[in-house]
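Fold and contact review
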Amino acid sequence: MNTMVKHTVKLTPNYLEVNGKRVAETVAGESFLTKLYRLYNMEYPKFFKMDVLCKVGFVASEVLLGTEGGERFVPRSDRAVLLFNRHSSLHADSTFQHTIANPDEFYPSPSVFVYTLPNIVTGEIAIRNKYQGESSFILLPEKSEEAMDQAVARAFMDRETTSVLTGWVEAVSETEYEVEMELRMKNDE
Amino acid sequence: MRPKVVITGMGVVSALGVGAERHVLALRSGKSGIAEVRFLPTKHHEFPVGEAPFHNEEFRRKLNLPEGRRYSRTSLLGIAALREALAQGRLLDRQVLALISGTTVGGMDVTEQFFPKPVPDLDRDIHDCGASTNDIADNCGDFDHVSTVSTACSSAMNALIMGKLLIENGERDIVVAGGAEALSLFHLNGFKSLMILDTQCCRPFDKMRAGLNLGEGAAYLVLESEASAKARGAGIIGVVSGVGNACDAHHQTASSENGEGAYLAMSQALLDAGLSSSDIDYVNAHGTGTPNNDASESAALRRVFGEHLPPVSSTKSYTGHTTSASGSIEAVFCLMALQNGFIPVQPEFENPDEQCVTPVSGSNAVSADLRHVMCNAFGFGGNDSSIILSRYE
Amino acid sequence: MELTEELKTKMIEALNLEEMTPADIDDNAPLFGDEGLGLDSIDVLELIVLLERNYGIKIADPKQGKEIFASVRTMADYVAANRTK
């Protein structure tokens, strides 16, 4: 399958890059993700309810899709969302485990539990953008371009899929994360 | 021309027992495996569960696994099911196999034995989802490709879908795919916090339904190109005719009222199979027993099938909701139904609900000549999937 | 602090309503649906935990939540009548 990368976004705790260009950097003492949320006028209060994995995936996808331009938030099923990482939803898992660790303070939090699934980040992106195509979250033993390329190639085998929002979305804490996200298009378009 | 993807082996573990034979017996005679909790160290005995029949040490012994290290329960269930599938597929000695497995709980049961103390280094290596798949693979055969799908309760079905695509893409002749998931305190308490656990046996599609029962288990299918299966003389037990994966894009956990994601997944599976809805002889529904899922899935089923709804049932009334493993476990049940000519019934069903489809109920399985069956698995995140399995002819 | 104000503060914290202050929430405005705060089914569950944790109130059936959490006012009335701590 002949495909091409249309736009890329890289997000780390220190900077944000769009199509290889650095567009924002963090300043000590601020929440970089909240800053980007406001800088890009995302206006989606659900953002504040998300765990860190969803937050980084959401922010990166917003920047990426804003860069793509065009009409958004119209239901479509020709775009797949396919994300990868190594540590699944580790940060939310540990937050939730804390809510059930002490028998005297035993209040499992439903809103934290929801985020103990890594694929909620693909779901959040799909909900925000009304994407009803394929969505999957795949865990890899390590970041591997080859394995990710293979999975994206398979997603394109679905005759409905003409583009894939894909990439590596890893977040193990509020200050340790790495996102490399891109839009891949079928070449004949 | 896409290669036809056939099934040449299967293995399964659930509350109904270890191995295909026990499952066929239980499904035919309408015997549920849901009972009071025995092995999971929880105080919540008010919620019935579908536990696999042995404790970890007994599983370890039966599987002849070496002592002196810890095994997560997900691994133990997975090893039992995978070995059965490889044996039936006559692949036990084969090298360089591909495994795709779905799980979300992974080795959480091991980690929570220590929490909040840190997990010892040795055991930390079996905590995460990918590590638990590797552990299963390492104890069953020689795999050169192992990947893990984590899309909540549709994980194992999405593993099957990925497997089919790998073969159709010509990347592999044989892919072993499925999923494994053990019960954990982590998700029992999580589902309790979502207030969707029933204190009775779950009653999918029943007007009085009050939630799901959690279950555990594993199942793997040997997927293979027809040419490869014929060339090596493997027994063919069914065909993966069509697959569909769509996103409900509605809410993190709740399903949309009109079941849009489910509708799209089932429609895509039909399209992929080149079948029309009237070709489907039975639907093994996702049917968890929660008020929301069953109403939403029913709306979707009515949209797909219109007036001509085939027989529908949810086998979660036998196994509980085996979460990430449910897609492959229920796919195995569909193969059993195809092979043996029966439709599993829901033994606990009493009260039809106008919001829902009415499932096949009774005390014994209903005999039926089946050619094409559909199996659904939907997950939080709106990850909805559907596959169509057919008799090989 | 008045119970309604206390509930608003706790709600904002528990539901991560980051960009809101108690003054933004009207006592009688609906909490769910498009007109009000737009809370969802997970928020209901989180509010149930909030009542148990802070006021010792156990709610077994989430369907009850619809009435109890109609507005901050109905929630305050329910807490005042049923609190055990």
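Residues numbered from 1 in each chain as written. Chains lettered and ligands numbered in written order. Predicted model: local features only at pLDDT ≥ 70, side-chain atom pairs only at ≥ 80, totals over all residues.

1. Side note on the overall build of chain C
- If you tally the helices and strands in chain C, you get four helices and zero strands.
- Reading chain C from its N terminus to its C terminus gives the helix and strand order α-α-α-α.
- Taken against the 2.2 N^0.38 rule, which gives 12 Å for 85 residues, the C-alpha radius of gyration of chain C at 12 Å falls within 12% of a compact globule.
- The C-alpha extent of chain C, read off along each of the three principal axes, is 30 × 30 × 20 Å.
- In chain C, buried positions account for 26% of the 85 residues.
- Restricting the contact set of chain C to residue pairs at least 6 apart, pairs at least 24 apart contribute 56%. (Helix = DSSP H or I, 4+ residues; strand = E, 2+ residues; numbered from the N terminus. Rg over C-alpha atoms; globule rule 2.2 N^0.38 Å. Buried ≥ 20, exposed ≤ 12 C-beta atoms within 10 Å, placed from the backbone. Contact = placed C-beta atoms within 7 Å.)

2. Looking at the interface of chain B and chain A
- On the chain A side, the residues contacting the 42 residues of chain B number 37 residues.
- Elements with a minimum of two residues in the side of chain B that touches chain A: helix H6 (129-138), strand S4 (143-149), helix H7 (155-168), helix H8 (185-193), strand S7 (238-247) and helix H10 (260-273) of chain B.
- Of all the elements, H8(B) adds the most residues to the side of chain B that touches chain A, at six residues.
- Considered class by class, the residues forming the side of chain B that touches chain A number 16 nonpolar, 21 polar and five charged.
- Judged from the two bridges that link them, strand S5 (residues 135-139) of chain A and S4(B) form a sheet pairing that is antiparallel. (Nonpolar A, V, L, I, M, F, W, Y, C, P; charged D, E, K, R; others polar. Pairing = 2+ DSSP bridges.)

3. Looking at the packing of helix H1 (residues 3-14) of chain C against helix H4 (residues 72-82) of chain C
Residue and element names in this part refer to chain C.
- At a closest axis distance of 9 Å, the pairing of H1 and H4 adopts a crossing angle of 110°. Considering their axes alone, H1 and H4 lie roughly perpendicular with respect to each other. Facing Leu3, Thr4, Leu7 and Lys8 of H1, the residues of H4 in contact are Val72, Arg73, Met75, Ala76, Val79 and Ala80.
- Tallied by class, the residues present in the contact of H1 with H4 amount to seven nonpolar, one polar and two charged. (Axes fitted to C-alpha atoms, helices over the stretch in contact; angles between N-to-C directions. Parallel < 35°, antiparallel > 145°, perpendicular 65-115°, else oblique.)

4. A look at the packing of helix H3 (residues 73-88) of chain B against H6(B)
All names here are of chain B.
- Where H3 meets H6, the closest approach of the two axes is 9 Å, and the angle between their N-to-C directions is 40°. By the angle between their directions, the pair H3 and H6 is classed as oblique. In the packing of H3 onto H6, the handedness of the crossing is right-handed. Of H6, the residues touching H3 (which contributes Thr74, Ser75, Gly78, Ile79 and Leu82) are Ser132, Asp135 and Ile136.
- Taken together, the residues that form the contact of H3 with H6 break down as three nonpolar, four polar and one charged. (Left-handed = near helix turned anticlockwise from the far one by under 90°.)

5. As for the interface of chain C and chain B
- Taken together, the contact between chain C and chain B spans five residues of the former and seven residues of the latter.
- Grouping the constituent residues of the side of chain C that touches chain B by class yields three nonpolar, one polar and one charged.

6. Some words on the confidence of the model for chain C
- On average, residues of chain C score 90 in pLDDT, and 99% of them are at 70 or above.
- Across the interface, the model reports ipTM at 0.87; the global pTM reads 0.91. (pLDDT = per-residue confidence, 0-100.)

7. Describing the domain arrangement of chain B
Residue and element names in this part refer to chain B.
- Domain parsing of chain B yields domain 1 (5-231) and domain 2 (242-390).
- Across the contact, 62 residues belong to domain 1 and 59 residues belong to domain 2.
- Elements supplying a minimum of two residues to the side of domain 1 that touches domain 2: strand S1 (5-14), helix H1 (20-29), H7, strand S5 (174-181) and strand S6 (217-225).
- Ranked by residue count, the leading element in the side of domain 1 that touches domain 2 is H7, at eight residues.
- When its residues are assigned to classes, the side of domain 1 that touches domain 2 shows 33 nonpolar, 20 polar and nine charged. (Domains from an automatic or database assignment.)

8. Notes on the pairing of S1(B)
Residues and elements named next belong to chain B.
- Of all ten residues in S1, ten are buried, a share of seventy percent or more.
- Examined bridge by bridge, S1 and S6 share eight bridges and lie antiparallel to one another. Bridge pairing in S6 places glycine 9 opposite valine 222.
- Bridge count between S1 and S7: two bridges; the pairing is antiparallel. In the sheet register, isoleucine 7 faces S7, and the bridge partner there is glycine 238.
- Note that S1 and strand S2 (residues 17-18) share two bridges and pair antiparallel. Bridge pairing in S2 links valine 13 to valine 18.
- What sits between the antiparallel neighbours S1 and S2 is a turn of two residues.

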